[in-house]
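Here is what each chain is made of, one letter per residue.
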Amino acid sequence: MYTGPRRLDARNDLNIAAWLVHLYTASGAVLAFLAVREVVEGDYRTAFFWLALQVIVDATDGVLARRVRVSERLPWFNGAKLDDIVDYLTYVFVPALVVWRGLLVPGAWSLTVASAMLLSSAYGFNREDAKTADHFFTGFPSYWNIVVFYLMSASWPPAANAAILLALAVLVFVPIRYIYPSRTPVWRVPTNALGALWGIAILAMLWQFPMVAPPLFFVSLIFPIYYVVLSLALHWRGVRAVGRLPNKSTT
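It should be emphasised that the depicted structure is a prediction, and the values quoted were computed from it without experimental measurement. Residue numbers run consecutively from 1 along every chain, following the written order of its sequence. Only residues with pLDDT of 70 or above have their local features reported here, since the model is predicted, and side-chain atom pairs are shown and tallied only from 80 upward, although totals for entire chains, interfaces and linings are computed over all residues. Heavy atoms throughout the structure, all of them, feed into the side-chain values; hydrogens and water do not.

Trainee: When you look at the pattern of salt bridges in this model, what are you seeing that I'm missing?
Mentor: The term salt bridge refers to a pairing of a side-chain nitrogen on Lys or Arg with a carboxyl oxygen on Asp or Glu at a separation within 4 Å. According to the stated counting rule, one finds four salt bridges in the structure shown. Close ionic contact of Glu38 with Arg37 constitutes a salt bridge, the shortest N to O distance being 3.6 Å. Three labels apply to residues, based on accessible area from a 1.4 Å probe with only protein chains included: buried if under 20% of the type maximum, exposed if over 50%, partly exposed otherwise in between. Residue classification places Glu38 among the buried positions, given a relative accessible area of 12%. Two residues, Arg69 and Glu72, come together in a salt bridge whose shortest N-O distance is 3.0 Å.

Listed below in structure tokens is the structure:
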């Protein structure tokens, strides 16, 4: 029985599915634009809502891409590069704009701090071992959207905010390995479970923003602290075990 057309139709359906996954990833650029529009208007709560929505897209597009096998269906289209472009816009550029526009740091330092974020992450995104083969980020993984949201929620002195942001910009260059939460082979279940609860806490904080209740603020810090401690523990365990760190990149 001849099944050629059916096989061709199935292949076309899979190619369409692959393009839809890429379109889903690319939608993050539109979310970045919407966030920029709200930052310009001074509506930071809505801006962070668009950034939070993009985090959800970023956390799920990789799963969809692997399920559809986009790299096999569309081998000539670089989905990893698309993902990096969108991530730079939403994790780096928009938060830097918030720092500059929102007077989060002393006025005389706003351009310097924003530039430090942009330039350090430009370096971090383009190093070959930015993402390692065993699913770690090398250097502070440019979670500026999260850091800036916490700083705006905390209402700390602008000088303290500037010091924190500059310190993190320096940490982009320090080759400490941080876990890739959705793909880590170590403690994946507790990490993802805590991450899901943290996501709920962040949405609750966003609902209250800018007047976030202190108990909610401090409870929400449990996961970031867990993330940093686990990353440092695994980093130093790897250093002691092999004397150096794996340096193979992946996309």
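Trainee: Any chance you could explain unusual backbone geometry here in plain terms?
Mentor: With glycine set apart, most residues show a phi of negative sign, and most peptide bonds adopt trans. With an omega of 10 degrees, the peptide bond between Phe209 and Pro210 qualifies as cis. The secondary structure listing takes helices from DSSP runs of H or I that are at least 4 residues long and strands from runs of E that are at least 2 residues long, numbered from the N terminus. Its location among the elements puts Pro210 in the loop between helix H8 (188-208) and helix H9 (214-220). The backbone of Ser142 shows a phi angle near 55 degrees, a positive value even though the residue is not glycine. By the secondary structure assignment, Ser142 is in the loop between strand E1 (136-138) and helix H6 (144-154). Of note, the phi angle at Ser155 is positive, near 55 degrees, even though the residue is not glycine. With respect to the helices, strands and loops of the structure, Ser155 is situated in the loop between H6 and helix H7 (158-171).

Trainee: Mind showing me how you'd approach the confidence of the model for the protein chain here?
Mentor: Detailed reading of predicted coordinates is not advised where the pLDDT is low. With 89% of its residues at a pLDDT of 70 or more, the protein chain shows a mean pLDDT of 88. Per residue, pLDDT captures the predictor's confidence, and it can take any value from 0 to 100. Note on contacts: a residue pair is in contact if any heavy atoms of the two residues lie within 4.5 Å. Low pLDDT, under 50, characterises residues 245-251; the predicted model gives this stretch 22 contacts beyond four residues in sequence or across chains.

Trainee: Sorry, what's going on with the packing of helix H4 (residues 79-101) against H6 here?
Mentor: Geometrically, a packed helix pair is captured by the angle between its two axes and the distance between the axes. All axes here are fitted lines through C-alpha atoms, helices being fitted over the stretch that makes contact, and every angle between N-to-C directions spans 0 to 180 degrees. Interhelical geometry of H4 versus H6 gives an angle of 30 degrees and a closest axis separation of 8 Å. With respect to H6, the axis of H4 lies roughly parallel. Contacts between H4 and H6 involve Thr90, Tyr91, Val92, Pro95, Val98 and Val99 from the former and Trp144, Asn145, Val148 and Met152 from the latter. Amino acid classes used here: Ala, Val, Leu, Ile, Met, Phe, Trp, Tyr, Cys and Pro are nonpolar; Asp, Glu, Lys and Arg are charged; the rest, including Gly, are polar. A breakdown of the residues in the contact of H4 with H6 according to their chemical character gives eight nonpolar, two polar and no charged. Note that the term roughly parallel is reserved for angles under 35 degrees, roughly antiparallel for angles over 145, roughly perpendicular for angles of 65 to 115, and oblique for everything else.

Trainee: Whenever I open this one, the nonpolar core confuses me. Can you help?
Mentor: Most often, soluble globular proteins keep nonpolar side chains buried together rather than apart. We call a set of buried Ala, Val, Leu, Ile, Met, Phe, Trp, Tyr and Cys residues a nonpolar core when their side-chain atoms join them within 4.5 Å. Of all hydrophobic cores here, the largest spans 55 residues; its most connected members are Phe48, Trp144, Val148 and Leu165. The residues touching Phe48, leaving out its near neighbours within four places in the chain, are Val98, Asn145, Val148, Phe149, Met152, Leu206 and Phe209. Grouped together as the second largest cluster of nonpolar side chains are six residues, Ala18, Ala65, Val68 and Val70 included.

Trainee: Honestly, H7 in this entry has me stumped. Any pointers?
Mentor: Every α-helix winds through 3.6 residues per turn, so residues three or four apart in the chain are directed the same way. Over its 14 residues, H7 runs 20 Å from end to end, which matches the ideal 20 Å to within 8%, given 1.5 Å per residue. Every buried residue of H7 is listed here: Asn161, Ala162, Leu165, Leu168 and Ala169. Projected down its long axis, H7 carries its buried residues within an arc of 135 degrees, all on one side. The exposed residues of H7 that point more than 90 degrees off its buried face are Ala159 and Val170. By this rule, a helix spans an expected 1.5 Å times one less than how many residues it contains. Directions drawn from the helix axis to the C-beta atoms are what define this arc.

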